[in-house]
Amino acid sequence: MQFLQLVISGIAQGCIYGLIALGFVLIYKATETVSFAQGDLMMLGAFGGLVAMTMLGFPFWLAVPSAIVAMALVGVLTERVIIRPVLGQPAFSIVMLTIGLGYVGRGLVTMIPNIGTETHTLPVPYKDQVWNVGALVLNVEQMVVIASTVALCGGLFALFRYSKLGIAMQASSQNQLAAYYMGIPVKTLNGLVWGLAAGVAAIAGLLLAPITFVHANMGFIGLKAFPAAVVGGFGSLPGAIVGGLIIGIVESLSGFYLPEGFKDIAAYIVVLIMLVVMPNGLFGEKLRKKV
Amino acid sequence: MRFIFKTDYNQDIRLAKHGGHVFWYSMLGLFLVAAPWILGEYMLAQMTFILIYSIVGLGLMLLAGFTGQFSIGHAAFLGVGAYTQAVLTGMGWPFPVAIAVAAGLSAAVGVVVGLPALRVKGIYLGIATLSFGFIVEEVFARWESVTGGNAGKSVGSPDIFGWKADTGDSFYFLCLVITVLCTLAVVNLLRSSTGRAFVAIRDSEISAQSMGINLSYYKTLSFAISAALAGIGGALYAHQIRFLSPDQFNIIQSIDLLLMVVIGGLGFIHGAFLGAIFLIGLPQAISAVKDFLPDAIGQAPGLKSVIYGGVLIAFVMFEPMGLYGRWLKIRTYLQLFPFYRKGMFKRQKSFQKSDRLK
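Sequence order sets the numbering: in each chain, residues are counted from 1 along the sequence as written. For naming, the first written chain is A and the first written ligand is 1, with later ones following in the order written. Totals for whole chains, interfaces and linings use all residues, but because this is a predicted model, local features are given only for residues with pLDDT of at least 70 and pairs of side-chain atoms are given and counted only at 80 or more.

Caption draft 1: Looking closely at the overall build of chain A. Secondary structure elements follow DSSP: runs of H or I of four or more residues count as helices, runs of E of two or more count as strands, with numbering from the N terminus. What chain A contains, in helices and strands, is 11 helices and 2 strands. The globule rule is 2.2 Å times the number of residues to the power 0.38, and the radius of gyration it is compared with is taken over C-alpha atoms. Against the 2.2 N^0.38 benchmark of 19 Å for 291 residues, chain A shows a C-alpha radius of gyration of 19 Å, consistent with a compact globule. If one aligns the C-alpha atoms of chain A with their principal axes, the spans along those axes are about 60 × 50 × 35 Å. A residue is called partly exposed when the number of other C-beta atoms within 10 Å of its own lies between 12 and 20, exposed at 12 or fewer, and buried at 20 or more, with C-beta atoms placed from the backbone. Looking at chain A as a whole, 52% of its 291 residues are labelled buried. Contact definition: two residues whose C-beta atoms, as placed from backbone geometry, lie within 7 Å. Within chain A, contacts between residues separated by at least 24 positions form 74% of all contacts whose residues are at least 6 apart in sequence.

What follows is the structure, encoded as structure tokens:
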């Protein structure tokens, strides 16, 4: 029972990692850019929800979509103003750029007087409730995380499988030039992908907020989503979620069964082993460059 | 405008290309030697920090700027060097032996990290080094019998077979000598065949491989040298800061080091030094300007990170060659005056290169 309990809380945590990793993978597939700002976008999303609920007085059902939409707009804007002019520069410059973005985002939030330096709780309607199923004690917050992740994955699957937009995104991620020749507006799509990734990050932030707290440094959890993305294979959307779940469960179990200190680095140990054994990840594509 | 007519190969690889170099570097040398008498105690301590960070920057520049391998966990090597030095000098070892062991141990750790680097590329390497950095930081915090854990560990002053560098001035000179030696070593390395193999790997792995360069050997070598330099920097850092704790070697420090080489100018030796000056000077500049800003901005806790991030974004967007690149442009402008054209340094329009197909 203990084991099952740990696995469930690991899954909930893993869903958060998976959602952030999903953002990385979306951006990576579309623009070959790795965004280190994803964790900070998540933090901004959580703060957006907080502002909408406590300061603007929005009800819960209105605050959540408005925070997500606001973050999606931030994502589109970021791509247009900052990322697009530097595309084509070495990948590492762009990584540094997103690190800079993360710094600015975190700093700006910290600079807001009275809000930025405090930790807050997000007043969600399902706060601190538990369900007792047999001997299991299920935390409703964690159940909401899992359910929302499943729903979101279904939505994204439908988007990429059935909608014209999603298919165009797939095309441009496979071969930008060919997609452009087929009349797909690649640049606009890149902007939309950033918007989508920021929206997903905002959802992750809103889901994480009731479990932990809302504060300016919560974005550092985004660094644990990198292992998730790598374990799943960096270019694979289902891989990101599966990788996140693996990392979450390993972390939860090692926190209980292994000596103190292993919980924080379990994710990194897993990813190092993975990189040595299977560098392409579980679902990664294996491609060789032909000269 | 100076035209140099090269008549033999030795002239081509000479360190000082012409009289101007000799003159200006001698002036710089004179200034550095005279610095303890010119600068106050506080400024001298900052100069020492700049020298220490330059050594680390040289190592990271060699790895990132010349071999094209990125490490987002370089603070770990810094930490290995610092803790080795702290433990060994604590046991009474003389400074030169301790720093050699610190460099060697860092290099050995660098080889261990370099091994996955043979299999992974680009962002995977970044994530591998990032993970490694986190693990090492945790080891520093947990291995309390050696590192003192989160309570920290104090370090004495360097002892070179009886001569103690326990004042600010003497430690400055010690750092200066080591920095000059490291710089000469790196510059020499880069004009040798090894250095050119590094640059070839940076520019294209496939063409380097087809020219007969052993990729895995040179990549591991680059990691080892880079880590050794970081270890030397870390050893000096331990003596300068006198108190080590694991959070000095966290991800923020690693990102600061990267920021240093990117802002200094990737691919230029000078960039490591300019970056170190920038990294040490920026907090001073911020605290100097702070008082003139309105309180709501000047006293806000997040100001520093906004400025760091903003500067980084501005450099990548508008001056990808960093501070040294800016200086190159100014110099060319002056040399060619009035014939400088706007697009002279514009790189060829590059298209999105796919990392996935490497």
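Caption draft 2: Just the overall build of chain B, in detail. In terms of regular secondary structure, chain B is built from 16 helices and 4 strands. Against the globule reference of 21 Å for 358 residues, chain B gives a C-alpha radius of gyration of 21 Å, in line with a compact fold. Dimensions of chain B, computed from the C-alpha atoms along their principal axes, are close to 60 × 50 × 50 Å. Scored against the burial criterion, the 358 residues of chain B give a buried share of 42%. The long-range fraction of contacts in chain B, counting pairs at least 24 apart against all pairs at least 6 apart in sequence, stands at 75%.

Caption draft 3: Representation of the pairing of strand 1 (residues 130–133) of chain A. Residues and elements named next belong to chain A. By the convention used here, strands pair only if DSSP detects at least 2 bridges between them. Taken together, the 4 bridges between strand 1 and strand 2 (residues 136–139) define a ladder with antiparallel strand orientation. From the neighbouring strand, Val-130 faces strand 2, where its bridge partner is Asn-139. Linking strand 1 to strand 2, which pair antiparallel, is a turn of 2 residues; within it Gly-134 sits at a positive phi near 60 degrees.

Caption draft 4: A look at the environment of Tyr28(A). Looking at the element boundaries, Tyr28(A) is found in helix 1 (residues 2–31). Tyr28(A) has contacts with Thr33(A), Val34(A), Phe234(A) and Gly235(A), leaving out every residue within four places of it along the chain.

Caption draft 5: Structural detail: the interface of chain B and chain A. In this complex, chain B contributes 45 residues to the contact, which on the side of chain A involves 47 residues. Put simply, the parts of the chain that give the side of chain B that touches chain A at least two residues each are helix 5 (95–119), helix 6 (122–142), helix 12 (251–264) and helix 15 (303–318) of chain B. Broken down by element, the side of chain B that touches chain A gets its largest block of residues, 13 residues, from helix 6 of chain B. By the convention adopted, Pro, Cys, Tyr, Trp, Phe, Met, Ile, Leu, Val and Ala count as nonpolar, Lys, Arg, Asp and Glu as charged, and the other residues, Gly among them, as polar. Tallied by class, the residues present in the side of chain B that touches chain A amount to 29 nonpolar, 10 polar and 6 charged.

Caption draft 6: Seen up close, the confidence of the model for chain B. Confidence scores labelled pLDDT are given residue by residue by the predictor and lie between 0 and 100. When the pLDDT values of chain B are averaged, the result is 87; 95% of them are 70 or greater. We note a pTM of 0.89 for the whole complex and an ipTM of 0.86 for its interfaces.

Caption draft 7: Spotlight on the environment of His18(B). Residues and elements named next belong to chain B. You can see His-18 is positioned in the loop between helix 1 (9–12) and helix 2 (19–38). Residues His-18 and Arg-2, 16 residues apart in the sequence, show an inter-C-alpha distance of 9.2 Å. Beyond its immediate sequence surroundings of up to four residues, His-18 is in contact with Arg-2 and Ile-4.

Caption draft 8: Quick look at helix 9 (residues 222–232) of chain A. Counted residue by residue, helix 9 of chain A has 11 buried out of 11 residues, so it is predominantly covered. Buried within helix 9 of chain A we find Gly222(A), Leu223(A), Lys224(A), Ala225(A), Phe226(A), Pro227(A), Ala228(A), Ala229(A), Val230(A), Val231(A) and Gly232(A). Turning to helix 9 of chain A, the residues buried within the fold contact helix 1, helix 2 (38–55), helix 10 (237–257) and helix 11 (262–277) of chain A together with helix 6 and helix 12 of chain B. Gly233(A), located one to two residues past helix 9 of chain A, shows a positive phi value of around 95 degrees.

Caption draft 9: Geometry of the packing of helix 3 (residues 41–66) of chain B against helix 8 (residues 168–191) of chain B. Residue and element names in this part refer to chain B. Axis lines are fitted to C-alpha atoms, over the contacting stretch for helices. Their N-to-C directions set the angle, which ranges from 0 to 180 degrees. Between helix 3 and helix 8, the shortest axis-to-axis distance is 10 Å and the interhelical angle comes to 20 degrees. By the angle between their axes, helix 3 is roughly parallel relative to helix 8. The chirality of how helix 3 crosses helix 8 is left-handed. Contacts between helix 3 and helix 8 pair Glu-41, Leu-44, Ala-45, Met-47, Thr-48, Leu-51, Ile-52, Ser-54, Ile-55, Leu-58, Leu-62 and Phe-66 from the former with Gly-168, Phe-171, Tyr-172, Cys-175, Leu-176, Ile-178, Thr-179, Cys-182, Thr-183, Val-186 and Leu-190 from the latter. When the residues that make up the contact of helix 3 with helix 8 are grouped by side-chain class, the tally is 17 nonpolar, 5 polar and 1 charged. Note that the term roughly parallel is reserved for angles under 35 degrees, roughly antiparallel for angles over 145, roughly perpendicular for angles of 65 to 115, and oblique for everything else. In this scheme the handedness of a crossing depends on how the near helix is turned from the far one: anticlockwise by less than a right angle means left-handed, clockwise means right-handed.

Caption draft 10: Focus on unusual backbone geometry. Residue and element names in this part refer to chain B. Geometrically, the link from Phe-337 to Pro-338 is a cis peptide bond, its omega value of 0 degrees lying close to zero. Along the chain, Pro-338 falls in the segment after helix 16 (322–336). If you check the backbone angles, Arg-242 has positive phi at about 70 degrees while not being a glycine. Tracing the sequence through the fold places Arg-242 in the loop between helix 11 (215–241) and strand 4 (243–244).

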